[in-house]
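Commentary on secondary and tertiary structure
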Amino acid sequence: MDAGCPRLPDTVLFEIFLYLDHADVLSVGLVCQQWRAVARDEFLWKELFYRYYRVSRDVPRHPGAVSWYSEFQRLYDTIPCVEVQALKEHNDQVLHLSFSHSGCLFASCSKDCTVKIWSNELDISLQHSSNMRPYNWSYTQFSQFNSDDSLLLVSGVFVGPHNSSSGEIAVISMENFTLLSRVRNKPYDVFGCWLNETNLISGNLHRIGRITSCSVLWLNNAFQGVESENVNVVKRLFKIQNLNASTIRTVMVADCSRYDSPDLLLDYEEQLAASSTCPAFDLGSDSEEEEAKPRLPREPAVQELPAAGGVPAEQGLQRLFDDIMEGRVRPAMTETELETKVAELFVRNRTKPPEPNLLPADGSSKTKYLIFTTGCLTYSPHQIGIKRILPHQMTTAGPVLGEERRSDEFFDSLDHVIDIHGHIIGMGLSPDHRYLYVNSRAWPRDCVISDPMQPPPIAEEIDLHVFDLKTMKEVKRALRAHRAYTPNEECFFIFLDVSRDFVASGAEDRHGYIWDRHYNICLAKLQHDNVVNSVAFSPVEQELLLTASDDTTIKVWRSPRAVRVRQARRPRPRKLLFSWLMNQKS
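A brief structural summary.

Here is what the cut-offs are and how they apply
- Residues numbered from 1 in each chain as written.
- Predicted model: local features only at pLDDT ≥ 70, side-chain atom pairs only at ≥ 80, totals over all residues.
- Heavy atoms only, no water.
- Helix = DSSP H or I, 4+ residues; strand = E, 2+ residues; numbered from the N terminus.
- Buried < 20%, exposed > 50% of the residue type's maximum accessible area, 1.4 Å probe, protein only.
- Polar contact = N/O pair within 3.5 Å; in protein donor to acceptor, adjacent residues only side chain to side chain.
- Contact = heavy atoms within 4.5 Å.
- Salt bridge = Lys/Arg side-chain N within 4 Å of Asp/Glu carboxyl O.
- Pairing = 2+ DSSP bridges.
- Axes fitted to C-alpha atoms, helices over the stretch in contact; angles between N-to-C directions.

1. Observations concerning the side chain of Ser-130
Counting through the fold element by element, Ser-130 comes out in strand β5 (residues 125-131). The class of Ser-130 is buried, set by a relative accessible area of 11%. Engagement of the side chain of Ser-130 in a polar contact is seen with the side chain of His-128, the distance being 2.8 Å. For Ser-130, the contacting residues outside a window of four places in its chain are Cys-113, Thr-114, Val-115 and Ile-172.

2. Things to note about the pattern of salt bridges
Applying the stated criterion to the full structure yields 19 salt bridges. Note that Asp-463 and Arg-480 form a salt bridge whose closest N and O atoms lie 2.4 Å from each other. Remark: Arg-480 occurs in the loop between β23 (473-474) and β24 (496-498) and Asp-463 occurs in strand β22 (residues 463-468); sequence separation between them is 17 residues. Residue class for Arg-480 comes out partly exposed when judged on its relative accessible area of 38%. In this structure, Glu-541 and Arg-558 form a salt bridge, with 3.5 Å as the shortest nitrogen-oxygen distance. Of this pair, Glu-541 sits in strand β29 (residues 541-549) while Arg-558 is found in strand β30 (residues 554-558), placing the two residues 17 residues apart along the sequence. Classification of Glu-541 by relative accessible area gives partly exposed; the value is 30%. Given the relative accessible area of 6%, Arg-558 is considered buried. Linked through salt bridges whose partners overlap, the residues forming this network are Glu-71, Arg-74 and Asp-516.

3. A look at helix α5 (residues 68-77)
The buried count for α5 comes to 7 of 10 residues, which makes it a mostly enclosed element. Those residues of α5 that fall on the buried side of the exposure criterion are Trp-68, Tyr-69, Glu-71, Phe-72, Arg-74, Leu-75 and Asp-77.

4. Focus on the pairing of strand β13 (residues 234-242)
The buried count for β13 comes to 8 of 9 residues, which makes it a mostly enclosed element. By the bridge criterion, 8 bridges tie strand β12 (residues 213-221) to β13 in an arrangement that is antiparallel. Of the residues in β13, the one forming a bridge with Leu-217 is Phe-238.

5. Describing the sheet that holds strand β16 (residues 368-374)
Across the sheet, 4 strands lie side by side as β14-β16-β17-β19; this open sheet has antiparallel pairing. Each edge of the open sheet is held by one strand with a lone partner, namely β14 (249-255) and β19 (416-419). Along the sheet, successive strands turn relative to each other by an average axial angle of 20°, direction set aside. Pairing geometry for β14 and β16, over 5 bridges, is antiparallel. Residue Ala-254 lies in a different strand from β16, and its bridge partner there is Tyr-369.

What follows is the structure in structure tokens.
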């Protein structure tokens, strides 16, 4: 032991680490042999980790960690939980945030009907603001940079004739901030997304009956105003029937070619196969009360079409009408039930079958997935639909109405459907596109929906589900901490974002939340004065996070480590406990 270094019990060392500034301990290092020995003691740091973060002792260490000490450092020092700046240039609710892929810029959308472009330097500053009111927009709601950051897609709510509301997508050049094109988008909460550098996806909705409709997804060229009249600038991708007042919303694209090289494997059996040092385990609940609750398995269900030898649609319809006329249908069908039954029979043999072999056989596949919210029981989105986009479909070249199809293939079927059993209020992809994170508010267990216009009540707790898009199965248990309070008819989208190690989400309880993806634990609550609508990690620096709120502000959050680096040259007052410890040493 160093001369004059006091002998401190292990518990005191732990308390020093927890309640003293982490930076002071690490920078000065308590330069005695005792502290150096503790820093190297894996058993002590493992115990401290499990106690402090309340992680099950069966949970293995993060596969990328070199020691429990470094893992404690990571979770303590690299979470973006320190507010460093508040941006107040918007004068109404801020609804969405999106970073450019380079991390140099980000965009914000707001109820003030502007989209603002910000420069992400040491201190964030406003670079440009576009007002969309001259184009009859009510507000901007979503934005996304294309893959080379040369174009910005902006989605908003458009006011049409007789004050009818629809959606519209605008494409803005990042070179000179000029408006390149505008595309109608219906319903407005389809939002829209990029498929590749120059083509974007929009939606349209056609009513067939009172609760039956058809969603058409279109591929649009971003440069519509300058293309030759001999070149198509739009092409129909898919045409999908909607039952029971449901519609397709919230479209996004996942790149399948990246699945075999994920940033982080969430399935512990895969971790075990990839590294023999990480044992497999089943992640438990946070409490005995949670453990006691029975949980129904939520296996994703693949949409199945009737067998080839099934009853043809025409015969089925005729049989249904004969049964109604002769009184064989008991109990009597309501008008809504009859419409749904007729629509189901009509679509049975008029739908193009799903693509075979949905899962790509090799990592070099250029296939992409179109992912969106949908439903089959009620108007509130409660299912995730997945449709494969093949390479030849990724261009507007060819017929405007898409590839040739037989006359009886009127609709496209979904390749996969995931049932959430609740109202979906947010979705986000991991950076490697391997995992889909879904915010939802659960329905009561065993609820029965008899009227599609009256969905079940939804829980205040928000469940954050995780689905592996390579296996199409849910992994881990749902994350919880955040809450929402609006009922079904007023429920709105709460955007989430995923970085290499963390996942963040907004909430209606005036906080943003951050979880660790590997340990499934909540790490931080980020306070606002109103609902937090959107969060966004910098794609090149996960220790930088933005949050947007109804309080009209955008808050900038950095990790303690990043703040310490920025303030390295500023004098820092020493903590009392640290001063006492140094006095004891002298």
